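Spelled out, the chains give:
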Amino acid sequence: MRAIKEKKKLSEQDLVPTRQKVRELFEGKFVTILMAAVTIFALFGDDFRLWFTTKKADVYIDAALIFSLIAFTIEILVNSCVVDEFKYSFFFWLDIIATVSICVDVNLIANFIVGLFGVSPETGDAFVGEKASQEAGSNKIAKLIKALRLIRLIRIIKLYKYVVKSGSEMEEMRLRD
């Protein structure tokens, strides 16, 4: 009984702060591998949908892309809270841009955005000479979307940084033993 009471009287130094535990969890192998898989899917999921699936599979790909959007948002929020140097850093803004860029790949969100601006992709009133300018405008939008997708590639650099860091920590632990 006495031993149990002594265990309960831990000093503050013995307790690992919650912030540190959450940081270790998000920098751990499981979350790093999960986020790497989500990042790869976010990069190529829409292309995979266009190349290899039928229209029926769009719902599942959209669900997976929405999961990616939620996972990236949670990662940004958690890193903003537990990693002091992350908030408003270069990677913070890159992650936000990369996360927002997923919205154009999700059909449900893309259709909502198109509807907000009063443009329907199925209809259009075109006059002589307007078709070329409309296509030029859509080409600019397509180029912008491709540029935003490239920003997602930088997430892989970030994940690589985590892998190298965890590898060096493992090496350090081996040297201690």
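About the criteria used
- Residues numbered from 1 in each chain as written.
- Predicted model: local features only at pLDDT ≥ 70, side-chain atom pairs only at ≥ 80, totals over all residues.
- Heavy atoms only, no water.
- Axes fitted to C-alpha atoms, helices over the stretch in contact; angles between N-to-C directions.
- Helix = DSSP H or I, 4+ residues; strand = E, 2+ residues; numbered from the N terminus.
- Parallel < 35°, antiparallel > 145°, perpendicular 65-115°, else oblique.
- Left-handed = near helix turned anticlockwise from the far one by under 90°.
- Contact = heavy atoms within 4.5 Å.
- Nonpolar A, V, L, I, M, F, W, Y, C, P; charged D, E, K, R; others polar.
- Salt bridge = Lys/Arg side-chain N within 4 Å of Asp/Glu carboxyl O.
- Buried < 20%, exposed > 50% of the residue type's maximum accessible area, 1.4 Å probe, protein only.
- Expected span 1.5 Å × (residues − 1).
- Core = buried A, V, L, I, M, F, W, Y, C linked by side-chain atoms within 4.5 Å.
- pLDDT = per-residue confidence, 0-100.
- Bend = angle between axes of the 7 residues up to and from the residue.
- Phe/Tyr/Trp six-rings, centres within 6.5 Å; stacked < 30°, edge-to-face > 60°.
- Patch = residues over 30% accessible without salt bridge, like charges linked within 9 Å, V, L, I, M, F, W, Y side chains within 5 Å.
- Areas by Shrake-Rupley, 256 points an atom, 1.4 Å probe, with all protein chains shown as cover.

Colleague: Help me out: how do you make sense of the packing of helix α4 (residues 58–82) against helix α5 (residues 90–101) in this one?
Modeller: When two helices pack together, their arrangement is given by the angle between their axes and by how far apart the axes lie. Where α4 contacts α5, the axes come no closer than 10 Å and their chain directions differ by 160 degrees. Considering their axes alone, α4 and α5 lie roughly antiparallel with respect to each other. For α4 against α5, the interelement crossing comes out left-handed. Along the contact surface, α4 presents L69, F72, T73, I76 and S80, while α5 presents F92, D95, I96 and T99. A class-by-class count of the residues in the contact of α4 with α5 yields five nonpolar, three polar and one charged.

Colleague: What is the right way to read the pattern of salt bridges from this model?
Modeller: For side chains of opposite charge, pairing can occur when their charged atoms come near one another. Applying the stated criterion across every chain yields a total of six salt bridges. Here E85 ties to R23 by a salt bridge, and the two come within 3.3 Å at their closest N and O atoms. Taken as a pair, E85 in the loop between α4 and α5 and R23 in helix α2 (residues 18–26) lie far apart in primary sequence, 62 residues in all. Residue E85 is classed as exposed on the basis of its relative accessible area of 55%. The salt bridge partner of D58 is K55, with a shortest N-O separation of 3.5 Å. Members of the salt-bridge network, linked through shared partners, are D46, R49, K55 and D58.

Colleague: For this particular structure, what's the right way to read α5?
Modeller: The end-to-end C-alpha distance of α5, which contains twelve residues, comes to 17 Å, matching closely the 16 Å that a straight helix rising 1.5 Å per residue would cover. Regarding α5, the residues found buried are F92, L94, D95, A98, T99 and S101.

Colleague: Would you explain the nonpolar core in this entry?
Modeller: Inside soluble globular proteins, nonpolar side chains tend to come together where they are buried. By size, the foremost hydrophobic cluster in this structure holds 19 residues, and its most contacted members are M35, L65, F72, F86 and I102. When residues of this core are traced back to their parent elements, those giving at least two are α3 (29–52) and α4. Counting residues per element, this core draws most heavily on α4, which supplies eight residues. The contacts of F86, once residues within four sequence positions are left out, are I76, N79, S80, F91, F92, D95 and K158.

Colleague: In this structure, what is going on with the confidence of the model for the chain? I would like to understand it.
Modeller: When pLDDT drops low, the exact placement of atoms in the prediction is not to be read closely. With 70% of its residues at a pLDDT of 70 or more, the chain shows a mean pLDDT of 76. When the elements of the chain are averaged for pLDDT, helix α1 (residues 2–8) gives the smallest value, 53, and α4 the largest, 94. When the criterion is pLDDT under 50, residues 123–136 qualifies, and its contacts beyond four places in sequence or with other chains add up to three contacts.

Colleague: Please clarify how the environment of A110 should be interpreted in this entry.
Modeller: Its location among the elements puts A110 in helix α6 (residues 107–116). Filtering out sequence-adjacent residues up to four positions away, A110 remains in contact with C103 and V104.

Colleague: Sorry, what's going on with α3 here?
Modeller: Given 3.6 residues per turn, any residue in an α-helix points the same way as the ones three and four places further on. Of all the bends in α3, the largest measures some 50 degrees and sits at F44. Of all the residues in α3, the buried ones are V31, T32, M35, V38, T39, A42, L43, G45, D46, D47 and R49.

Colleague: Looking at this model, I keep getting lost on the packing of aromatic side chains. Mind explaining?
Modeller: Where two aromatic rings form a pair, the distance of their centres and the angle of their planes describe that pair. Evaluated as defined, the whole model comprises seven aromatic pairs. Measuring from ring centre to ring centre gives 5.4 Å for Y88 and F92, while their planes differ by 70 degrees; the resulting arrangement is edge-to-face. A network of ring pairs unites the aromatic residues F86, Y88, F92 and W93 as a single cluster.

Colleague: Got a minute to help me understand the environment of Y60 in this structure?
Modeller: For Y60, the location among the structural elements is in helix α4. When its relative accessible area of 64% is taken as the criterion, Y60 is described as exposed. A C-alpha to C-alpha distance of 9.5 Å links Y60 and R49, two positions eleven residues apart in sequence.

Colleague: Help me understand a nonpolar patch on the surface in this model?
Modeller: Taken together, I40, F44, L150, L153 and I156 make up a surface patch of nonpolar side chains, about 460 Å² in accessible area. The greatest single-element share of the nonpolar patch, amounting to three residues, is contributed by helix α7 (residues 130–176). Structurally, I156 can be placed in helix α7.

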